[in-house]
Amino acid sequence: ITLGFLLFVAVNFSACNQSIVTPSGIENSASEQSETIIGGSVVSTTDSISQSTIIFLDTEKGGLCTGNIIARNLILTAAHCTQKNPQKIIAVFSAKMPQSAEELRKMNWRRILGGKTSPAWPLLTENKEKDWGDIAILKFEGEIPAGFKAIKLLSRKESIRTGMNITLAGFGITDGIQHTETEALRKVSVKVANANYSATEILIDQRSGRGACHGDSGGPAVIKVGKFDVLVGITSRGSKDPKDTCLQYSVYTSIAGNLQWIQKAAQEISAAEFTGGTISQPAVLE
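With respect to the state of the cysteines
One covalent bond between the sulfur atoms of two cysteine residues makes up a disulfide. What the rule picks out here adds up to 2 disulfides. One disulfide in the model links C65 with C81; its S-S distance is 2.0 Å. Taking the sign of the S-S torsion, about -85° here, the bridge from C65 to C81 comes out left-handed. In this pair, C65 is assigned in strand β4 (residues 63-71) and C81 in the loop between β5 (74-77) and β6 (89-93), connecting sequence segments 16 residues apart. A relative accessible area of 6% means that C65 is categorised as buried. Across the disulfide from C213 sits C246; the S-S distance is 2.0 Å. Looking down the S-S bond of the C213 and C246 bridge, the torsion is 65°, so its handedness is right-handed. You can see C213 sitting in the loop between β12 (201-205) and β13 (220-225) and its partner C246 sitting in the loop between β14 (228-239) and β15 (249-254), a full 33 residues away along the chain. The class of C246 is buried, set by a relative accessible area of 3%. Taken N- to C-terminal, the disulfide-bonded cysteines of the protein are connected 1-2, 3-4.

Shown next, in the form of structure tokens:
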């Protein structure tokens, strides 16, 4: 069964010194170019990462991404995972990939009502190397199902240092050469290649055979602060990888580097009443 057919049937079946913040307009959590996870392991359903990470499916184009719950009805993902008609996108709350239309029908999923992409995203051009603004906030219908919760966000860029270990997670492929698909959420520990890659991005070293790949776009990069998992970045794209093997570097959009926009957009989207659905791309001054 193809992904497109599976989705069509299922969706139409029923119409330390680290500073953590919960953005204004986002409820506090009591707990803690596309890319899948290579060289990692399946995430346990009791792992807090699996409780805040969701499958992001485009039912119109058959696309797969990963997303992060940041509020009772808000998801943070990559801007390139969104489209003009968000009502063709669903958020699936599961640590396991659906293997059939029947299985997907039985899962907890929510339709996307609308959202916003970073004002920097429309400026994307082929010759722009950094600061893509590859980040979006989406509002889904209803609220978080039982067993899931919002993840906390990192506020200080200084908390991420070159050479430190960081955990990536996603639903992407497990082999960038063979394009092997995964059946469940996976995670892996990697090192930060450059914490100051740009004002709004972090560079991750994947040359050890571990990292993100196709399908992981929008997925989390997290660090542990006390007992909490804290979101520090989301998967954007591969870098310095001409053969597209996912074995060189990956670029992650920095949460702290985009925090002001996240807070403002979260407030606006939380209060918005979406009729018909829209992805808003704020006007950019030339």
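With respect to the confidence of the model for the protein
The predicted model of the protein averages 78 in pLDDT, with 74% of residues at 70 or higher. Taken element by element, the protein is modelled with least confidence in helix α1 (residues 3-13), mean pLDDT 44, and with most confidence in β12, mean pLDDT 96. Within the model, the stretch residues 4-36 combines pLDDT values under 50 with 116 contacts to residues more than four positions away or in other chains. Ignoring residues within four places in sequence, the model shows residues 280-286, a span with pLDDT below 50, making 11 contacts including any to other chains.

Some remarks on the pattern of salt bridges
Pairing between side chains of opposite charge can happen when their charged atoms approach one another. Scanning the entire structure with this criterion turns up 11 salt bridges. E103 is paired through a salt bridge with K96; the nearest N and O atoms lie 2.8 Å apart. For K96, a relative accessible area of 40% translates into the label partly exposed. We note a salt bridge from E201 to R237, for which the minimum N-O separation is 2.9 Å. Note that E201 is positioned in strand β12 and R237 in strand β14, a separation of 36 residues in sequence. We classify E201 as buried; its relative accessible area is 1%. The class of R237 is buried, set by a relative accessible area of 3%. Each of E102, R105 and K106 takes part in one network of salt bridges that share partners.

Some thoughts on the environment of G233
Tracing the chain through its elements places G233 in strand β14. The exposure class of G233 is buried, given its relative accessible area of 0%. Considering only alpha carbons, one finds G233 and G257, 24 residues apart in sequence, at a separation of 9.2 Å. With near-sequence residues (within four places) excluded, G233 lies in contact with G219, P220, A221, Y252, T253 and I255.

Points about the environment of G115
As for its position among the elements, G115 is in strand β7 (residues 108-117). As a C-alpha pair, G115 and T82 span 33 residues in sequence and 8.9 Å in three-dimensional space.

Considerations on the nonpolar core
Residues L76, V92, I137, L231 and I262 are the most contacted members of the largest nonpolar core, which totals 31 residues. Mapped onto this core, the elements with two or more residues apiece are β3 (53-58), β4, β5, β6, β14 and α3 (259-271). It is α3 that contributes the most residues to this core, 5 residues altogether. Ignoring any residue separated from it by four or fewer positions in sequence, one finds L231 in contact with N68, L76, I151, K152, L153, L154, P220, A221, V222 and I255.

Some thoughts on the side chain of S50
With respect to the helices and strands, the residue S50 is situated in the loop between β2 (41-42) and β3. Within the structure, S50 has its side chain in polar contact with the backbone oxygen of D47 (distance 2.7 Å). Ignoring any residue separated from it by four or fewer positions in sequence, one finds S50 in contact with V43, S44, T45, A95, F148 and L185.

Here is what the cut-offs are and how they apply
Residues numbered from 1 in each chain as written. Predicted model: local features only at pLDDT ≥ 70, side-chain atom pairs only at ≥ 80, totals over all residues. Heavy atoms only, no water. Disulfide = S-S within 2.5 Å. Helix = DSSP H or I, 4+ residues; strand = E, 2+ residues; numbered from the N terminus. Buried < 20%, exposed > 50% of the residue type's maximum accessible area, 1.4 Å probe, protein only. pLDDT = per-residue confidence, 0-100. Contact = heavy atoms within 4.5 Å. Salt bridge = Lys/Arg side-chain N within 4 Å of Asp/Glu carboxyl O. Core = buried A, V, L, I, M, F, W, Y, C linked by side-chain atoms within 4.5 Å. Polar contact = N/O pair within 3.5 Å; in protein donor to acceptor, adjacent residues only side chain to side chain.

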